[in-house]
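Here is what each chain is made of, one letter per residue.
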Amino acid sequence: QVQLVESGGGLVQPGGSLRLSCAASGIPFSRYYMGWYRQVPGKQRELVATITPSDNTNYGDSVKGRFAISRDNAKNTVYLQMNSLKPEDTAVYSCNGVYTQNTYWGQGIQVTVSS
């Protein structure tokens, strides 16, 4: 059974930091393109960051320079380090894994940036 399980979300003040984790099981993780996406109610899902099996990264324009995606293949885990958080970063963040025709999503985790 394939599972992607996010953790590390919560409430943080503007300017603060959080690190999200996504632990994968049931897939050959090292072969997967992994990503983080976010969604606010009433809006389209937005790309946050992706990382390839060879550690090439890509970021959405709104998070460039503030967020960093990384992966640990030994732990089957992808991370999202979020710094200099802004209220507009508030959203449900979801982990995504893609390999050939297979696409899997985590259940999502809430991140709220507020004073």
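Structure first, text after, so check above.
(A) Structural view of the sheet that holds strand β3 (residues 18-25). In space, the four strands of this open sheet follow the order β1-β3-β8-β7, with antiparallel pairing throughout. With partners counted over all chains shown, the strands left at the sheet margins are β1 (3-7) and β7 (67-72), one partner each. The mean angle between the axes of side-by-side strands here comes to 15°, regardless of whether they run parallel or antiparallel. Two elements, β3 and strand β8 (residues 77-82), share six bridges in a ladder whose sense is antiparallel. Directly across from Cys-22, in β8, lies its bridge partner Val-78.

(B) Quick peek at the packing of aromatic side chains. Throughout the structure, instances matching the rule amount to three aromatic pairs. Ring centres of Tyr-32 and Tyr-99 lie 5.5 Å apart, and the angle between their planes is 40°; on these two criteria the pair is classed as tilted. Separated by 67 residues along the polypeptide, Tyr-32 in the loop between β3 and β4 (33-39) and Tyr-99 in strand β9 (residues 91-99) bring together distant segments of the chain. Clustering of aromatic rings is evident, with ring pairs tying together Tyr-32, Tyr-99 and Tyr-104. We note Arg-45 situated over the ring of Trp-105; from NZ or CZ to the ring centre the distance is 3.9 Å.

Conventions used here
- Residue numbers here run from 1 along each chain, matching the order of that chain's written sequence.
- Only residues with pLDDT of 70 or above have their local features reported here, since the model is predicted, and side-chain atom pairs are shown and tallied only from 80 upward, although totals for entire chains, interfaces and linings are computed over all residues.
- Hydrogens and water are ignored here; the side-chain numbers use all heavy atoms of the structure.
- The criterion for strand pairing is that DSSP finds at least two bridges linking the strands in question.
- For helices the rule is a DSSP run of H or I covering at least 4 residues; for strands it is a run of E covering at least 2, with both sets numbered from the N terminus onward.
- Fitted lines through C-alpha atoms give the axes, limited to the stretch in contact for helices. The angle between two N-to-C directions lies from 0 to 180 degrees.
- The pairing test for Phe, Tyr and Trp rings, Trp by its six-membered ring, is centres within 6.5 Å, and the orientation test on the planes gives stacked under 30 degrees, edge-to-face over 60, and tilted for anything in between.
- Note on geometry: a ring has a charge over it if NZ (lysine) or CZ (arginine) is within 6 Å of the ring centre and within 35 degrees of the ring normal.

None of this, on its own, says anything about what the molecule does.
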